[in-house]
Amino acid sequence: HPLHSETEEQIVHVYTKLRAEFGRQCLFSDRPAELLVDVLPDPSLGLQFIHKTPRDQALQACRDMSEHQVNTERFESDSCGINHVEGGWPKDVNPQEMEQTIRFRKKVEKDESYINSTLQLGSVMEHCIRQNNAVDIYQEYFEDEEEVEESQEPPFAKTINVFRDPNEVKRTVTCLSWHPDSGRKLAAAYSCLEFQKTSKDMSLDSYIWDVENPNRPEMTLKPTSPLVCLEYNPKDSHTLVGGSYNGQIAYWDTRRGSQPVELSSVEQSHRDPVYKIIWLQSKTGTDAFSASTDGQVLWWDVRKLSEPTERLVLDPGREGNLDRALGAISLEFESTMPTKFMVGTEQGVVVSCNRKAKTPAEKIVCTYDGHHGPVYALQRNPFFPKNFLTVGDWTARIWSEDIKESSIMWTKYQMSYLTDACWSPVRPSVFFTVKMDGVLDIWDILFKQNDPTLSLKVCDEALYSLRVQDNGRLVACGSQQGGATLLEICSGLSTLQKNEKSLLAAMFERETKREKILEARQREIRLKERSRSEQSREEEGGREEGEESPDQLIARAENNFFSVVETELRRRREKEDEENREKGVCEEKEVKDEAETSQ
Amino acid sequence: MAEVEETLKRIEAHKGVIGTIVVNAEGIPIRTNLDNSTAVQYAGLLRHLTMLARSTVRDIDPQNDLIVLRIRTKKYEIMVAPENGFLLIVIQNPCE
């Protein structure tokens, strides 16, 4: 940058180059635009393309990542103890040698510090010993008064384990059965109950799970057709009996492998899936009976499954007519009452039967009609066998054997269908229900009758089966996607409370009495009606809802109609009369005449 | 020497005392009226516990020191007193 001074002294840099080295100078001139290339759009090319409405294409210039979950191998751990050997002896002393050890000990005993220390310690210790002997500071003063632990905490239940169906195609857990002795093993029956939804590659297996190991089933049971129900033999914990989808009964012995030891013949079995099978109380411990929607209840001896030992057709007409038989969907048997059993049917009726009846007609004793839909679960209260619980449609009902007209207690209509229920084996007033929205409800009827005491959402899909273990604390429920969840109930709901039995007995008695009174009243009313309608058939035959013949109904309807028409016409006439009175007498008369003729 | 004997005998004579063990710094039972294997077991196990208890007490207050560690179990009471590296263990059954 040249400096500008007064004298205009500029620092100038001179750069010289020969003109010839520059090259020719650029001579620019203007020229009009010249079209060089014109590529016209060719519509025919457009036919080769399909017009796509605006497309969204996302691009991201970043590294490709993927999320992946890995489950590590199960860590196998083993507990063992270590026995440590004597040590601490100085190198020259062999602990095994008695002489050397004695000599060493004697040497130590002569040591100054030993003597002093021991004397000191002796006095301290004597003081403690004397203290102990003087007063027992840990004495229990109020041993006799048992503190009533009123657990103020709200009831809870926690999930311990979930056992999932290891197969790709998930099936519903339709039945669960606890191992009779320990509750360490749980047998689960898997099948797909939805009509024609079974795929070809659906596995037929059912599993026995060890409660501690949810990763892998302990044992597989391989039936010829998926099992709908499965029960451990309460007398022999190695044997199980299962009812399958095609109606056959299969018998397993877990010591003999996964294949059934015996299978009932197809011709002699049920024609429909076997929904429930229960072991009976018998000397041999090999009797069971099963129920299915084909309307039959069959008795079997598992040693010879080729044909059932007994057959009962659930015909309400007591004629053994299979066409009119009610489809059985649940079964109930209490070993304390071995001659009676109950069957819950698809039609919502519970049939009470007597096994020892001579003729098939007498086998069906009575029916209880209560539900709008199939009675999915049926169980007597283990403490009050006269009362039983049924579940079907959207309610759970408690019945008393004596009252056949209606249940003595019932829950209000729930938001979703109830699929299974059972009483708690420990507390007479507690029962469990599962619903199709995946909720497990625990009801304590001494505490609250309108709502469940505890309501737990176990999973998102529907729950189909439920079983409480004999200790009352563990509950297993099975879902539609093959997951069996094991829950532990808090001690408040699984320990017998004071006076519970007497309070519940009083409640049942009260409700039963109420129903009896209502029943008696109903009967009275009906009798009165009948006698009254017999006396007065003509007059007002339709005041109460008695039996009316169609003719009477038609006559009544006609009378009603014409009387209404008549009143309306009369009203109109009167109105017109009033208006015309102002107009004049003659016109009035005319109108009257007209009205009379037109009637 | 005789005093030590006398002291220990007096302790053993008290009501309810089941056993006595004197343990040296290496964990070797010097004098005991129980059988050897039991004595060795008690000595080995209680030594560690006592040292831990002692260091706990001294961590809380360095001026403080452990005098006696008493373990009351369902069946009896174990009392351990450390002194100068030695341990005196007494097992007593405070009978009711």
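Residues numbered from 1 in each chain as written. Chains lettered and ligands numbered in written order. Predicted model: local features only at pLDDT ≥ 70, side-chain atom pairs only at ≥ 80, totals over all residues. Heavy atoms only, no water.

- The name given to chain B in an unreviewed UniProt entry is Dynein light chain roadblock, with Lates calcarifer as the source organism.
- Check the Sequence similarities (unreviewed entry) section of the UniProt entry for chain B; it says "Belongs to the GAMAD family." (UniProt positions renumbered as here; feature names shortened; annotations may be inferred.)

- An unreviewed UniProt entry lists chain A under the name Dynein, axonemal, intermediate chain 2b, with Lates calcarifer as the source organism.

### Examining the overall build of chain B
Alright, step 1. A count of helical and extended segments in chain B gives two helices and five strands.
Alright, step 2. A fraction of 38% describes how many contacts in chain B between residues 6 or more apart in sequence connect residues 24 or more apart.
Alright, step 3. Only carbon and sulfur atoms are counted for the fraction: they give 53% of the accessible area of chain B, which is about 5,100 Å². (Helix = DSSP H or I, 4+ residues; strand = E, 2+ residues; numbered from the N terminus. Contact = heavy atoms within 4.5 Å. Areas by Shrake-Rupley, 256 points an atom, 1.4 Å probe, with all protein chains shown as cover.)

### A word on the overall build of chain A
Alright, step 1. The number of helices and strands found in chain A is nine helices and 28 strands.
Alright, step 2. Burial analysis of chain A (599 residues in total) assigns 40% to the buried set.
Alright, step 3. Sequence separation of at least 24 residues holds for 48% of the intrachain contacts in chain A that already meet a minimum separation of 6.
Alright, step 4. With the model as given, the accessible surface of chain A reaches about 39,000 Å², and the carbon-plus-sulfur share is 50%. (Buried < 20%, exposed > 50% of the residue type's maximum accessible area, 1.4 Å probe, protein only.)

### Things to note about the pattern of salt bridges
Alright, step 1. The full count for this structure, using the stated rule, is 34 salt bridges over all chains.
Alright, step 2. Asp236 of chain A serves as the salt-bridge partner of Arg255 of chain A, at 4.0 Å between the closest nitrogen and oxygen. With Arg255 of chain A in the loop between strand S8 (249–253) and strand S9 (262–263) and Asp236 of chain A in the loop between strand S6 (227–232) and strand S7 (239–244), this pair connects stretches of sequence that are 19 residues apart.
Alright, step 3. Between Arg10 of chain B and Glu6 of chain B there is a salt bridge, and its shortest N-O distance comes to 3.6 Å. (Salt bridge = Lys/Arg side-chain N within 4 Å of Asp/Glu carboxyl O.)

### Observations concerning the interface of chain B and chain A
Alright, step 1. At the junction of the two partners, chain B supplies 37 residues and chain A supplies 29 residues.
Alright, step 2. The junction of chain B with chain A conceals about 3,200 Å² of combined surface from both sides, 65% of it contributed by carbon and sulfur atoms.
Alright, step 3. The three residues of chain B that bury the most area against chain A are Ile28, Ile30 and Phe86 of chain B, which together make up 18% of that side's buried surface.
Alright, step 4. Between the two partners, chain B and chain A, sit one salt bridge.
Alright, step 5. Residue Arg10 of chain B pairs with Glu126 of chain A through a salt bridge whose shortest N-O separation is 2.5 Å.
Alright, step 6. At the boundary of chain B with chain A, the tally comes to 12 residue pairs in polar contact (both at pLDDT 80 or more). (Buried area = accessible area lost by both parts, 1.4 Å probe. Polar contact = N/O pair within 3.5 Å; in protein donor to acceptor, adjacent residues only side chain to side chain.)

### Focus on helix H4 (residues 112–134) of chain A
Alright, step 1. Taking 1.5 Å of rise per residue, 23 residues should cover 33 Å, and H4 of chain A covers 33 Å from first to last C-alpha, within 8% of that figure.
Alright, step 2. Here H4 of chain A has its buried residues at Tyr114, Ile115, Ser117, Thr118, Leu121, Gly122, Met125, Glu126, Cys128, Ile129 and Asn132 of chain A. (Expected span 1.5 Å × (residues − 1).)

### A few points about the sheet that holds strand S18 (residues 375–380) of chain A
Working definition: the strands of a sheet are paired by backbone hydrogen bonds and lie parallel or antiparallel to each other.
Residues and elements named next belong to chain A.
Alright, step 1. Pairing in this open sheet of four strands is antiparallel, and the strands run S18-S19-S20-S21 from one edge to the other. Both outer strands of the open sheet, S18 and strand S21 (409–410), are each paired with one neighbouring strand and no more.
Alright, step 2. One ladder, built from two bridges, connects strand S20 (residues 395–400) with S21; its direction is antiparallel. Looking across to S21, one finds that Arg397 is bridged to Trp410. (Pairing = 2+ DSSP bridges.)

### Focus on a nonpolar patch on the surface
Residues and elements named next belong to chain A.
Alright, step 1. A surface patch of nonpolar side chains, about 380 Å² in accessible area, is lined by Phe561, Phe562, Val565 and Leu569.
Alright, step 2. With respect to the helices and strands, the residue Val565 is situated in helix H8 (residues 550–583).
Alright, step 3. Judged by its relative accessible area of 31%, Val565 falls in the partly exposed class. (Patch = residues over 30% accessible without salt bridge, like charges linked within 9 Å, V, L, I, M, F, W, Y side chains within 5 Å.)

### Observations regarding the side chain of Asn387 of chain A
Alright, step 1. With respect to the secondary-structure elements, Asn387 of chain A resides in strand S19 (residues 387–392).
Alright, step 2. Once residues lying within four places of it in the same chain are set aside, the contact partners of Asn387 of chain A are Arg380, Asn381, Ile398, Trp399, Ser400, Ile408 and Phe508 of chain A.

### Examining helix H7 (residues 500–535) of chain A
Residue and element names in this part refer to chain A.
Alright, step 1. In a regular helix each residue adds 1.5 Å, so 36 residues correspond to 52 Å; H7 covers 53 Å between its end C-alpha atoms and thus fits that length.
Alright, step 2. Among all positions of H7, only Glu500, Leu504, Met507, Phe508, Glu511, Thr512, Glu515 and Glu519 are buried.
Alright, step 3. Contact partners of the buried residues in H7: S19, S20, S21 and strand S22 (418–423).

### Digging into the pairing of S19 of chain A
All names here are of chain A.
Alright, step 1. The buried fraction of S19 amounts to six of the six residues, a majority that puts the element mostly inside the structure.
Alright, step 2. Every second residue of S19 is oriented toward a common face, with Asn387, Leu389 and Val391 on one face and Phe388, Thr390 and Gly392 on the other, all of them buried.
Alright, step 3. Relative to S19, S18 runs antiparallel, the two sharing five bridges. Within the sheet, the bridge partner assigned to Leu378 lies in S19 and is Thr390.
Alright, step 4. Connecting S18 to the next strand, S19, in antiparallel fashion are six residues.
Alright, step 5. Of the pairings in the sheet, the one linking S19 to S20 comprises six bridges and is antiparallel in character.

### Considerations on the packing of aromatic side chains
Residue and element names in this part refer to chain A.
Alright, step 1. Applying the stated criterion across every chain yields a total of 17 aromatic pairs over all chains.
Alright, step 2. Here Phe388 and Trp399 contribute two aromatic rings whose centre-to-centre distance is 6.1 Å and whose plane-to-plane angle is 5°, an arrangement assigned as stacked. On the criterion of sequence distance, the pair formed by Phe388 in strand S19 and Trp399 in strand S20 is long-range, its members being 11 residues apart.
Alright, step 3. Between Phe431 and Trp443, the ring centres sit 5.9 Å apart and the planes meet at 5°, which makes this aromatic pair stacked. Here the residue Phe431 occupies a position in strand S23 (residues 430–435), and Trp443 occupies one in strand S24 (residues 439–444), the gap between them amounting to 12 residues.
Alright, step 4. Three or more aromatic residues link up through ring pairs in this structure, and these residues are Phe163, Tyr190, Tyr207 and Trp209. (Phe/Tyr/Trp six-rings, centres within 6.5 Å; stacked < 30°, edge-to-face > 60°.)

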